[in-house]
Structure formats: structure tokens, C-alpha cells
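Take a look at the letters that make up each chain.
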Amino acid sequence: MKVVRTIRELDEALAPLREGSIGLVPTMGAFHEGHLSLFAAARRESDAVVVSLFVNPAQFAPGEDLSRYPRDEERDLELADEAGVEVLFAPSADEIFPAGFQTWVEVERLARGLEGDARPGHFRGVATVCLKLFNLVRPSRAYFGQKDAQQAAVIRQMVRDLNVPLEIRVLPTVRDEDGLALSSRNAYLSAEDRERALALPRALATRDPERARELLRDLDVEYVEVADFDPKVLAAAVRVGSTRLIDNVVLEGDPR
Ligand code: AMP
């Protein structure tokens, strides 16, 4: 696996891979089985797999967990290498957002509500960095997790609206044995918080917003809502201690 940190190095590493198809998995690192499922799908469907590891400052609102976001690059490199990733692109913030940067992608309706309301500017940061990664890597397919259902919907819409020539693939949420959706942020949870957090998957498993709200009454709930994405989901965000967790279940259809 080649680890590259600049756009120039990325271009050089990709040049020999461009004859075949490239699968791109954008990530913020602290890999878990959810990330690995995306790497494996990309591995199955593409000739070469490129993973980006970038804790994107543009998608964190002021006061969010940017500075304490879990980082373990050494372990991430090992896991990506074992998963058969060809190129891992781990740029600095300056490489992606150099001085003078001033162009942003704003997906409108789909980026409102749910995470968009809770995290002002979040999807503008996500969409912009994803479009930059798509332009830099020029993959045939890019892989996202259903865990972030609104993100998948926003990216799919951007790709459609801006005629970005690639296929978006969305893979099912990977859960721990106890039902908790895997997330890099689960590392913040104490044992006690983690036990309390299990109310989230249990509530969503009812597939009923009213019953879900009832089961979440002891947690600090930001929203529990049916969202008409493709596919339709019941989505929720809660705070357990100082940790913010999101999850959703598909109500109709399958993630593609
Ligand atoms: P992140 O590093 O958290 O930005 O996530 C990178 C990609 O992995 C995103 O497309 C996420 O939706 C996806 N992902 C995160 N957690 C999971 C999970 N538990 N199951 C499947 N995909 C996930």
C-alpha cells in the first residue's frame, strides 16, 4: 500500500492504476468494521482501492469534537494494508483547503433537517470535500455507509446535480453484537454510557417513531424522525454523556 500526503504524490500513485477501475472510500480514520466493509466492497468491485483519511475541519461546526476526534493513523495504515487497499491518501488540512480557498458546494433541501439543522455547515463541508476527492481520484465508484443516511443522500444528489461521472455505492450499517452501530465516536463512551447507548438501536428497531421516542425518554434526544431519503429511514440523534450518536434503520427498500 502506498501512503501519500500530497496531491502530487496522489497523482503519481494513481497514474499506473488509471487503466483499470478505481473504488474510492472517503473516511475520517479510526477504522472499525464499518470502514472495513466499505474497503471490502470496493475491493470486490474495483481493480484498485483508494482510501482517503482526512479529518475534515470544514464539516465540524464550531464547538464540535474536531480537536479530540479519535486518531490512530498507525493502526489505520495496518488495517487498510491488510484490507488490500492500494493507495491511502492522508492529506493535511492545508493541502485540501489552501490559503485563499473560497468555493463551496451547497446541496439545498436534502441538507436541511436532521443533521443539517443540528450541525450548521456540516453538509457543505462534506459535499465540498467529497467533490474535491472525486475530482482528485476520479474513481468509477465511491463507497459510503448507510449509517450516515443523510450524508449518502446529500452526496448522491450532488453527484446527480453536478453530473459527476461516478457511481455512488451505499453499504449497510455494521453493528456490534449488542446492536450498537459501529462509530469512531463510540471510543468516547464509558462502559456505563455504552450500556445506556444501547437504547438507541433498540428504539430504532421498533421502526415506529412514537415507540422509539418512548424508549429513548431517559436519553438526551436531539431528533427521532422518519426521513424520506432513498431508502426511507427512521433516524435519530442522541447525546449520551458528552457523546453525540446517530443511527437509523431502513424502513423501505435497501441501501444500494
Ligand atoms: P467516517 O470515517 O466516520 O467519516 O466514515 C467513513 C464512511 O464509513 C462513511 O461513509 C460512513 O457512513 C461509513 N460508516 C461509518 N460507520 C459505519 C458503520 N457502522 N457501518 C457502515 N458504514 C459506516
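Description of the structure in this document. Note that the structure is predicted; figures quoted are calculated from it, not measured. (Residues numbered from 1 in each chain as written. Predicted model: local features only at pLDDT ≥ 70, side-chain atom pairs only at ≥ 80, totals over all residues. Heavy atoms only, no water.)

### A closer look at unusual backbone geometry
Okay, step 1: Residues D230 and P231 are joined by a peptide bond in cis, for which omega reads 5°.
Okay, step 2: By the secondary structure assignment, P231 is in the loop between β7 (220–227) and β8 (233–240).
Okay, step 3: The phi dihedral of L114 falls on the positive side, at around 45°, and the residue is not glycine.
Okay, step 4: L114 gets classed as buried once you look at its relative accessible area, which sits at 9%.
Okay, step 5: Phi at N163 is positive, roughly 55°, even though this residue is not glycine.
Okay, step 6: Note that N163 resides in the loop between α7 (149–161) and β6 (167–171). (Helix = DSSP H or I, 4+ residues; strand = E, 2+ residues; numbered from the N terminus. Buried < 20%, exposed > 50% of the residue type's maximum accessible area, 1.4 Å probe, protein only.)

### As for helix α2 (residues 33–45)
Okay, step 1: Its 13 residues place the ends of α2 18 Å apart at the C-alpha level, agreeing with the 18 Å of an ideal helix rising 1.5 Å per residue.
Okay, step 2: Within the span of α2, buried status applies to G34, H35, L36, L38, F39, A41 and A42.
Okay, step 3: Contacts from the buried residues of α2 go to β2 (22–27), β3 (48–53), α3 (73–82), β5 (141–145) and β6. (Expected span 1.5 Å × (residues − 1). Contact = heavy atoms within 4.5 Å.)

### Some points on the site of the ligand
Okay, step 1: Taken together, 18 residues form the shell around the ligand, and within it M28, H35, D148, V174 and L182 come nearest.
Okay, step 2: Between H35 and the ligand, the recorded distance is 2.8 Å, taken from a side-chain N or O atom to an oxygen atom.
Okay, step 3: Here an oxygen atom of the ligand sits 2.6 Å away from a polar atom, N or O, in the side chain of D148.
Okay, step 4: Coverage of the ligand by the protein amounts to 93% of the 480 Å² it exposes when considered alone.
Okay, step 5: Elements that contribute at least two residues to the shell around the ligand include exactly β2, α2 and β5.
Okay, step 6: Here the residues of the shell around the ligand are counted per class, giving eight nonpolar, eight polar and two charged. (Near = heavy atom within 4 Å. Polar contact = N/O pair within 3.5 Å; in protein donor to acceptor, adjacent residues only side chain to side chain. Areas by Shrake-Rupley, 256 points an atom, 1.4 Å probe, with all protein chains shown as cover. Nonpolar A, V, L, I, M, F, W, Y, C, P; charged D, E, K, R; others polar.)

What is shown is where atoms sit, not what they do.
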